[in-house]
Amino acid sequence: MPDDLFPALPKPGQLLARGVCRHLLDRDFVTVEELVPAPGLRVDVMAMGPKGEIWVIECKSSRADFASDRKWQGYLEWCDRYFWAVEADFPIDLLPEGTGLIVADAYDAEIVRMPEEARLAPSRRSSVLRKFARHAALRWHAARDPALIVSRA
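Remember, it's a predicted structure, so these values are computed and weren't measured experimentally. Numbers given to residues run from 1 along each chain, matching the order in which its sequence is written. Only residues with pLDDT of 70 or above have their local features reported here, since the model is predicted, and side-chain atom pairs are shown and tallied only from 80 upward, although totals for entire chains, interfaces and linings are computed over all residues. Only heavy atoms go into the side-chain values, all of them from the structure, while hydrogens and water stay out.

Caption draft 1: Focus on helix 3 (residues 122-144). For helix 3, built from 23 residues, the straight-helix expectation of 33 Å at 1.5 Å per residue is met to within 8% by its first-to-last C-alpha distance of 33 Å. Categorising residues by exposure relies on relative accessible area from a 1.4 Å probe, with only protein chains included: less than 20% of the type maximum marks a residue as buried, more than 50% marks it as exposed, and the intermediate range marks it as partly exposed. For the purposes of this entry, the term helix denotes a DSSP run of H or I that reaches at least four residues, the term strand denotes a run of E that reaches at least two, and both are numbered from the N terminus. Within helix 3, burial applies to Arg125, Ser127, Val128, Phe132 and His135. Where the residues of helix 3 are buried, they touch strand 1 (30-35), strand 2 (43-48) and strand 3 (54-60). What a helix should span is 1.5 Å times the count of its residues minus one. Throughout, a contact is declared for two residues whenever any of their heavy atoms are within 4.5 Å.

Next up, the structure:
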């Protein structure tokens, strides 16, 4: 049987992202997953709020997953607020102060700690919103036409 008949099971971080996205939608935020704001960076979840605010959420499924993340500070310049999303049993004392905290599972989430806002500069916000829109549109095309191959020239 072809492998594509049985999609891969979601990874733990993807399940956290799903719960986070569901919760944020209830707060009137729209989300995209695995957005690349700059070469070498890929955020787990980027959310856009009803007033254009941009949040980045990194999903960490274990201590080892967190310890191996060397890029998270590079995401700070791409959002107004930065959050970690972890499961309830994650050792939250590992997470840097000043960052947000979301406790999540595959079905929902709760914002436990709201970080300070660091508003994006207008030109950076414009760039982020364009990337967000293009990413969302490309994902929608792929969902509607899975055989479509998008080339980026």
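Caption draft 2: Local environment of the side chain of His23. Here His23 lies in helix 1 (residues 12-26). Since its relative accessible area comes to 15%, His23 is described here as buried. Residues in contact with His23, not counting those within four places in the same chain, are Asp108, Ala109, Glu110 and Ile111.

Caption draft 3: Main features of the pairing of strand 5 (residues 100-104). Taken across its five residues, strand 5 has four buried, putting it largely inside the fold. In this structure, strand 4 (residues 81-86) lies alongside strand 5, joined through four bridges in parallel fashion. For Trp84, the partnering residue across the bridge sits in strand 5 and is Leu101. At least two bridges found by DSSP between two strands are what make those strands a pair. Pairing of strand 5 with strand 6 (residues 109-113), which is carried by four bridges, proceeds in the antiparallel orientation. Directly across from Ile102, in strand 6, lies its bridge partner Ile111.

No statement about biological role is implied by the geometric values presented.
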